[in-house]
Amino acid sequence: MRRYQPIPITPIELKRPALQTTPSDSLSIGRRAFLKIMAASAALASAACSGPPQEKIVPYVQMPELMTLGQPLFYATAFMRRGLAHGVLVESNMGRPTKVEGNRDHPASLGATDVFAQAAVLQLWDPDRSQTVYNGNVLSTWEAFKTALLQQRSEWERNGGASMRILTGTVTSPTLADQLATLLKQYPNARWHRYDPLHDDNAWEAAQLAFGRPVDQLFQLDRADLVVTLDADIFGDWPGSTRYARDFTRKRKSDAPAFSNRLYAIDATATLTGAMADHRLAVSPQQLEQIAWRMAAQLGVPGVPREAGAQNGYIEKWESTLVKQLSSHRGRSLIVAGGTVSPSTRALVHKMNAHLGNAGNTVVYVNPIEADPSSHAESIKALAADMHAGSVKTLFMIGANPVYSAPSDVNFADALKKVPFSAQLALYRDETAHAATWHVPQCHDFEQWSDGRAYDGTASIVQPVIAPLYGGRSAHELMALLANGNEHSGYALVRRYWQQHGNASDFEQFWQSVLQQGLVPNSASSALQVRPAASLPAPQLHAAKLQAVFVADPSADDGHFANNAWLQELPRPFTKLTWDNAALISVATAKSIGVETGDVVRLRLAANGQTTIEVPIWILPEQPDHVVTLPLGYGRRAAGNVGNGVGFNAYLLRTLAAMRGPVEVTMEPTGRQHTFATTQNHATVEGRDIVRMATLAEFMRNPHFATDAEKERVPDVSLYPEWEYKDYKWGMAIDLNACIGCNACTIACQAENNIPVVGKEDVIHGREMHWIRVDRYVTSFAGRQRTAFQPVPCMHCETAPCEEVCPVGATVHDSEGLNVQVYNRCVGTRFCSNNCPYKVRRFNFLQFSNTKIESLKAVQNPEVTVRRRGVMEKCTYCLQRITRARTDAEKLGRRIRDGEVVTACQAVCPTEAIVFGDLNDPNSRVNRAKASPLDYALLSEFNTRPRTTYAARVVNLDPELE
């Protein structure tokens, strides 16, 4: 076959829109108007071009003497989300950041990432990012802002900063924390407030109740044989989830099937952890709290009174079984509480772990990594009260958007109107920016020098990969300006902090090493010796007919990523919704109210009876009865062209009380309908063995259960001629025992292969373009309903039915067994798609790739063709990565070694569920995976002989709960 080389894309000069003037302005213009326009033009022109940062940045591991044109470089840095550092490597092609990979040396990632880190590179190049300083609604300049700021300093000097307030999110940056502490010493009457809408206040209060001091908890899941989660999504929306998912699934890999651990999940909403659990119980938040206290009493935890047993026989069986299992796994078990669980019950869980001997073994307590771990709800409440009282004259908001996300009962928007001087530093000119006196563009993580700590305390230097595209400023630069009125570079500030606190005899060597490796060695938190309190207050439980639970959206998060098109079109794990959020309720709850999926209902807070929002309903089988789950992060009014007007704003219903737990609501139908865009309309297997499962006992009796049925159905002969692969023979294995359904593979593939978004309307028409999807099925297994996830890329069939029907030979088999697509031959008949039983081929119905916005061209991978309208496209096993590895190996006169080709989906997977390699190498990991008795082929009855196979899922059921 002919081989087509990708055409590299040269670096692009970013152009800013010209200022519009009226005809009269062009003919005659006054001096004041002229200066105003020229100042704004200068600000825009200064941000027009970007290149490498002025300071030296250091590539990962080795610093090349000369950069080879066209050869990508990787820079170790950190991606910050909710204040936590995630160690990443950013791929730079000729100075353009195009892809994010995990840093295998970083304990929080071990080489993997989540969907947000993958999509961060699109956020970097987002043309809707803030590009200039605003004074109210008028274009301004950085110099004008500095001048206005200096006028405020005289008042701070007079009253010690009594009228000044600073609002940030979660701060783990050692440099920023030091700057804040210094500023508060300089102005002792000033106040620093924190507000992260998804901050877990209950964890802080629970530590205070249990230990009398704030602590963080770290889990050692690789040491735990028994894990019980109480509404804690430790594999999903949880600090350290990437590492925790890896540690837990190590004992469940198909190439070494020990299955020596067991997971029980008790959930108040659908979670990835619950889907992964061997046993899951969906209950209301009130029932969950009662279960925890009854279990503690049966375990004999000191200070916990005995209570009456559960009225529900099945719940009572759960409690007795868990008590028995926990008692027999002392020191090797773990109980985790999160989500809606109250501080009292979480403190009780600390006592239960201590009583069971788990503290110091499977759970370790450390000092908080947050600079101030106190309650964010109380902090934003106090700030809003001072603003309403008129005692705040100057307010600085750094990376925060409280006008959108603050609790509805603090009325932050009205409070902000009473502050004479307010300034916001943010990536976007968002809702708060429109209400503030000043708005200053903020640097993206990949544009700035900073630092931060991971979930375990490990410190990383945030190293820029490109100079600020739009002239943004970092939080460190703004804080330096507040402190002394002078400008200092972020590089100098961060470097100076670590020079003073790094404890290195040779600082230059230390600095170079930290930049190369992406982390500060030996900076992880040390374990503490703590003892829980003797007694705890019981939680205040109130019976409610319907409770609302607020959660982070799996793609928009708290709203920070609302303008990211990749994430908007990424299907949500359970609903497979795109471009929307929905109120999730159970089947029984829907029947009791008389609504169906797509119906719009009115939710009303029971506390005041006045606060209402209208939301569309999605019925979810995994949802507990009498609970409605409301995803946050939508309903934006100033997110950008992508995120504006998408979904409903659940923050309007979220009060201060709702930050601590569920709130009672009422629901009434409106009679209106809403149209959803979903990528999977059917979630049941209908008796088919698409996702094959067995209990551990069944697997022990018959290890080959997954393939026994194939022997009867799959013929031994084929009309296709056999082909001998003398060189390489590529294949993939996907372990369903490790897949947690996080969708990271889908977003990584999109970033790597220049896959376009199509928008809500075309998703409704079934035209989504993802090359790998994660199907979600709800199936009955062992007498109970179970959720299963299955990633589905192109199967690269040995006897591919798509190849025989293409009239122009656009889809062909190559000499290494890949089913390749020749784009410039394809004429768009779509015969191949009709003949594919796996439905993994995508047709580019329209010109979905954006070829008009210059900044969006810069994010494209130059090694992958940007497809035109009217061609079929699909997974290529990342052929460009295979080609790169082959070129490097041929230079050294050897074969490609196992592990040198890592596909994008394989690299990103938190649990290493995806393995790729050469099937001609008998010692390759992919061969070991396929040698497992669990290995089976999807739809093998069609005799397509796919190169991608699956490891059947084994569930370690508790015999007493079967």
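That block above? That's the structure.
First, a word on scope: everything that follows refers to the structure included in this document. (Residues numbered from 1 in each chain as written. Predicted model: local features only at pLDDT ≥ 70, side-chain atom pairs only at ≥ 80, totals over all residues. Heavy atoms only, no water.)

1. Description of the overall build of the protein
Here comes step 1: The helix and strand inventory of the protein stands at 29 helices and 38 strands.
Here comes step 2: Computed over its C-alpha atoms, the radius of gyration of the protein comes to 28 Å, within 12% of the 30 Å expected for a compact globule of 962 residues.
Here comes step 3: Referenced to the eigenvectors of the C-alpha coordinate spread, the extents of the protein come out at roughly 90 × 75 × 70 Å.
Here comes step 4: Burial analysis of the protein (962 residues in total) assigns 61% to the buried set.
Here comes step 5: If you take every contact in the protein between residues at least 6 apart in sequence, the share linking residues at least 24 apart comes to 75%.
Here comes step 6: Of the side chains in the protein, 97 bear a positive and 96 a negative charge, and the two mean positions are spaced by 2 Å. (Helix = DSSP H or I, 4+ residues; strand = E, 2+ residues; numbered from the N terminus. Rg over C-alpha atoms; globule rule 2.2 N^0.38 Å. Buried < 20%, exposed > 50% of the residue type's maximum accessible area, 1.4 Å probe, protein only. Contact = heavy atoms within 4.5 Å. Lys, Arg positive; Asp, Glu negative; His and termini not counted. Charge placed at Lys NZ, Arg CZ, Asp CG, Glu CD.)

2. Section: the environment of F574
Here comes step 1: Relative to the elements of secondary structure, F574 occurs in the loop between α19 (565-568) and β20 (577-578).
Here comes step 2: The exposure class of F574 is buried, given its relative accessible area of 10%.
Here comes step 3: Between the C-alpha atoms of F574 and E724, which are 150 residues apart in sequence, the distance is 42 Å.
Here comes step 4: Once residues within four sequence positions are removed from consideration, F574 is found in contact with A270, T271, L272, A275, L620, E622, R776, T787 and F789.

3. Some thoughts on the packing of aromatic side chains
Here comes step 1: A complete count under the given rule lists 28 aromatic pairs for this structure.
Here comes step 2: Plain terms: the ring middles of Y244 and Y455 are 5.4 Å apart, the flat faces sit at 80° to each other, and that makes the pair edge-to-face. Here the residue Y244 occupies a position in helix α7 (residues 241-249), and Y455 occupies one in the loop between β17 (450-453) and β18 (459-462), the gap between them amounting to 211 residues.
Here comes step 3: On the basis of relative accessible area, Y244 is assigned to the buried category, the value being 1%. (Phe/Tyr/Trp six-rings, centres within 6.5 Å; stacked < 30°, edge-to-face > 60°.)

4. Observations regarding unusual backbone geometry
Here comes step 1: The backbone of N522 shows a phi angle near 60°, a positive value even though the residue is not glycine.
Here comes step 2: Take N522: it is sitting in the loop between α18 (507-517) and β19 (547-551).
Here comes step 3: Owing to a relative accessible area of 82%, N522 belongs among the exposed residues under this scheme.
Here comes step 4: You will see that N943, though not glycine, has its phi angle at about 60°, which is positive.
Here comes step 5: As for its position among the elements, N943 is in the loop between β36 (935-936) and β37 (948-951).
Here comes step 6: The exposure class assigned to N943 is buried, which follows from its relative accessible area of 11%.

5. Quick look at the sheet that holds strand β10 (residues 262-267)
Here comes step 1: Taking strand neighbours across the sheet as the criterion, the four strands line up as β11-β10-β9-β12 in an open arrangement whose pairing is parallel. Two strands bound the open sheet, and with one partner strand each, they are β11 (279-282) and β12 (333-337). The mean inter-strand angle of the sheet, taken between neighbouring strand axes irrespective of direction, is 10°.
Here comes step 2: Judged from the five bridges that link them, strand β9 (residues 226-230) and β10 form a sheet pairing that is parallel. Paired with V228 across the strands is Y264, a residue of β10. (Pairing = 2+ DSSP bridges. Axes fitted to C-alpha atoms, helices over the stretch in contact; angles between N-to-C directions.)

6. Describing the sheet that holds strand β35 (residues 914-918)
The strands that make up a sheet are held in pairs by hydrogen bonds between backbone atoms, and each pair lies either parallel or antiparallel.
Here comes step 1: A sheet is described by the order of its strands in space; here four strands give the open sequence β35-β28-β37-β36, paired in mixed fashion. A single partner strand is all that each edge strand has here, and the edge strands are β35 and β36.
Here comes step 2: Across four bridges, strand β28 (residues 730-735) lies against β37 in parallel orientation. Bridging from a neighbouring strand, D735 pairs with A951 of β37.

7. Looking at the pairing of β17
Here comes step 1: In the sheet, β17 pairs with β18 via four bridges, with the strands oriented antiparallel. Bridge pairing links D451 to I461 in β18.
Here comes step 2: Hairpin connection of β17 to β18: five residues between the antiparallel strands, including G457 at a positive phi of 95°.

8. Quick look at helix α23 (residues 744-752)
Here comes step 1: Counting buried residues in α23 gives nine out of nine residues, a clear majority hidden from the surface.
Here comes step 2: Every buried residue of α23 is listed here: A744, C745, T746, I747, A748, C749, Q750, A751 and E752.
Here comes step 3: Directly after α23, the chain includes N754, whose backbone phi takes a positive value near 55°.

9. Details of the side chain of T629
Here comes step 1: Secondary-structure assignment places T629 in strand β24 (residues 627-631).
Here comes step 2: Within the structure, the side chain of T629 is placed 2.7 Å from the side chain of T269, a separation counted as a polar contact.
Here comes step 3: Within polar-contact distance, the side chain of T629 engages the side chain of Q623 at 2.7 Å. (Polar contact = N/O pair within 3.5 Å; in protein donor to acceptor, adjacent residues only side chain to side chain.)

10. A short note on helix α10 (residues 313-328)
Here comes step 1: Here α10 contains 16 residues, and its C-alpha end-to-end distance of 23 Å stays within 8% of the 22 Å for a straight helix at 1.5 Å per residue.
Here comes step 2: Looking at the buried side of α10, the elements it contacts are β9, β10, β11, α9 (285-299) and β12. (Expected span 1.5 Å × (residues − 1).)

11. Concerning the packing of α9 against helix α11 (residues 343-355)
Between two packed helices, the angle of one axis relative to the other and the distance separating the axes together describe the packing.
Here comes step 1: α11 packs onto α9 with a crossing angle of 30° between their chain directions and a minimal axis gap of 10 Å. The orientation of α9 relative to α11 falls into the category roughly parallel. Of the two elements, α9 crosses α11, and the hand of that crossing is left-handed. Note on element contacts: α11 touches α9 through S344, T345, L348, M352 and H355, opposite E289, A292, W293, M295, A296 and L299. (Parallel < 35°, antiparallel > 145°, perpendicular 65-115°, else oblique. Left-handed = near helix turned anticlockwise from the far one by under 90°.)

12. Things to note about the side chain of R947
Here comes step 1: On the secondary structure map, R947 appears in the loop between β36 and β37.
Here comes step 2: Judged by its relative accessible area of 4%, R947 falls in the buried class.

13. Quick look at empty space enclosed by the protein
Here comes step 1: Throughout the structure, instances matching the rule amount to nine cavities of 30 Å³ or more.
Here comes step 2: One number sums up the size of the second largest cavity: a volume of about 980 Å³.
Here comes step 3: Of all elements in the fold, only β1 (73-81), α13 (402-405), β17 and α16 (475-484) reach the threshold of two or more residues within the lining of the second largest cavity.
Here comes step 4: Considered class by class, the residues forming the lining of the second largest cavity number 18 nonpolar, 18 polar and nine charged. (1 Å grid on protein atoms, 1.4 Å probe; cavity = no way out; pocket = protein on both sides within 12 Å on 5 of 7 lines; lining within 4 Å. Points joined across faces, edges and corners; volume = space filled by probe spheres on them. Nonpolar A, V, L, I, M, F, W, Y, C, P; charged D, E, K, R; others polar.)

14. A word on the pattern of salt bridges
Here comes step 1: For the coordinates displayed, the defined rule picks out 52 salt bridges.
Here comes step 2: Linking R881 and E101 is a salt bridge whose minimum nitrogen-to-oxygen distance equals 2.7 Å. Of the two residues, R881 sits in helix α27 (residues 879-891) while E101 sits in strand β3 (residues 96-102), which places them 780 residues apart along the sequence.
Here comes step 3: The closest approach of N and O atoms between R246 and E912, which form a salt bridge, is 3.9 Å. Of the two residues, R246 is situated in helix α7 and E912 in the loop between α28 (904-908) and β35; the sequence distance between them amounts to 666 residues.
Here comes step 4: Judged by relative accessible area, which is 7%, R246 ranks as buried.
Here comes step 5: Taken together, the shared-partner salt bridges connect R81, R82, D114, D237 and D557 into one network. (Salt bridge = Lys/Arg side-chain N within 4 Å of Asp/Glu carboxyl O.)

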